Amino acid sequence: MAKLGWLVVSLSVSVLVTNLCEAISSCNDPCKTLNDCDGQLICIKGKCNNDPDVHVGSHVCSNEGSGEGSSPPLGDSCQPFGHKVCKGISHPQFKCSPRVTSSTRAILTNIEFNGDGENGAPSECDNKFHLNSELVVALSTGWYNRGSRCGKKIKVTARNGKSVLAKVVDECDSISGCDALHAGQPPCRNNIVDAAKAVWDALGLDTDVGEEPVNWSDV
Ligand SMILES: *[C@@H]1O[C@H](CO)[C@@H](O)[C@H](O)[C@H]1NC(C)=O
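All residue numbers refer to positions counted from 1 along the written sequence of the respective chain. At least 70 in pLDDT is required for a residue's local features to be given in this predicted model, at least 80 for side-chain atom pairs to be given and counted, and no such filter applies to totals for whole chains, interfaces and linings, which use all residues. Working from all heavy atoms in the structure, the side-chain values ignore hydrogens and water.

(A) Representation of the overall build of the protein within the structure. Runs of E in the DSSP output that reach at least two residues are strands. Runs of H or I that reach at least four are helices, and both are numbered from the N terminus. The helix and strand inventory of the protein stands at 3 helices and 10 strands. For the protein, the N- to C-terminal ordering of α and β elements is α-β-β-β-β-β-β-α-β-β-β-α-β. Taken over 219 residues, the protein has a buried fraction of 35%. Taking the contacts inside the protein whose residues are at least 6 apart along the sequence as the reference set, 57% of them involve residues at least 24 apart. Accessible surface area values rest on a Shrake-Rupley calculation with a 1.4 Å probe, where residue burial reflects the displayed protein chains alone. As displayed, the protein offers around 12,400 Å² of accessible surface, 53% of which is attributable to carbon and sulfur atoms. Buried residues are those whose accessible area, probed at 1.4 Å on protein chains only, stays under 20% of the maximum for their type, while exposed residues exceed 50% and partly exposed ones sit between those limits. Residue contacts are defined here by distance: any two heavy atoms, one from each residue, within 4.5 Å place the two residues in contact.

Pasting the structure below:
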């Protein structure tokens, strides 16, 4: 899929170059689509910039684009690669999540893994449903990391100081959304720990608040 994508990009870039003699934009030049940007660069917020998914060592643009000549803080290099529109509202799509540390800031949300509610599909890791009484979570696409944390426990800590170990069983999809398959829901944000009610209970939190800042770490 990714390879096909690059093939299409390279083809359209060469078509532009050979047929239209159009200049290809480089770092920080204005762009409308990926195709407007040079080589590995992608179009972020209307400017050509490094693809955050490509390893840092191969980044071409020194200035990541947002600051006035200042480098962004470490761990803030995860930028959206596109957008999906649900009901007229544009939502960013991410393949990355903020860097994982011993205390990674996240937003705790609540989801049912038992097939009820908006999430009708079995969990990505084990293709099974889970009870609301199980200590299980889904992580945003970047943190889910193609399943590398599947079955592993993470430690989630709330502002009240309480913490709990929860098992990663699913992905909170930060790439797709806004379609029937996702019940019209937008792509997941890139910093979500989507947890069963048992996790909220163990942290002494009420799911009615909807979202709660937490920190998490690998254990
Ligand atoms: C998360 O960790 C940071 C830095 O260690 C701290 O300032 C913040 O209060 C913590 N947040 C929660 C919800 O524990």
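Read on for the rest.
(B) Representation of unusual backbone geometry within the structure. Of note in the backbone geometry, Asn145 takes a positive phi value of approximately 55° without being a glycine. For Asn145, the position within the fold is in the loop between α2 (141–144) and β7 (153–158). Relative accessible area serves as the criterion here: at 36%, Asn145 is assigned to the partly exposed category. Its identity as a non-glycine residue notwithstanding, Cys178 has a phi of 60°, on the positive side. By secondary structure assignment, the location of Cys178 is in the loop between β8 (163–172) and β9 (192–195). We classify Cys178 as partly exposed; its relative accessible area is 22%.

(C) Local environment of the layout of surface pockets. Here a cavity means grid points, on a 1 Å grid over the protein atoms only, where a 1.4 Å probe fits yet cannot get out; a pocket means an open set of points with protein on both sides within 12 Å along at least five of seven lines; lining residues are those with an atom within 4 Å of a point. Grid points are joined across faces, edges and corners, and a volume is the space filled by probe spheres set on the points. There is about 860 Å³ of room inside the second largest pocket. In terms of lining, the second largest pocket is formed by 30 residues, of which the most central are Ile111, Asn119, Cys172, Gln185 and Asp194. For the lining of the second largest pocket, the elements supplying multiple residues, two or more each, are β5 (104–110), β8 and β9. The greatest single-element share of the lining of the second largest pocket, amounting to 3 residues, is contributed by β8. Counted by class, the lining of the second largest pocket contains 12 nonpolar, 9 polar and 9 charged residues. Here the nonpolar group is Ala, Val, Leu, Ile, Met, Phe, Trp, Tyr, Cys and Pro; Asp, Glu, Lys and Arg are the charged ones; every other residue, Gly included, is treated as polar.

Fair warning: the whole summary comes from geometry, so function is off the table for now.
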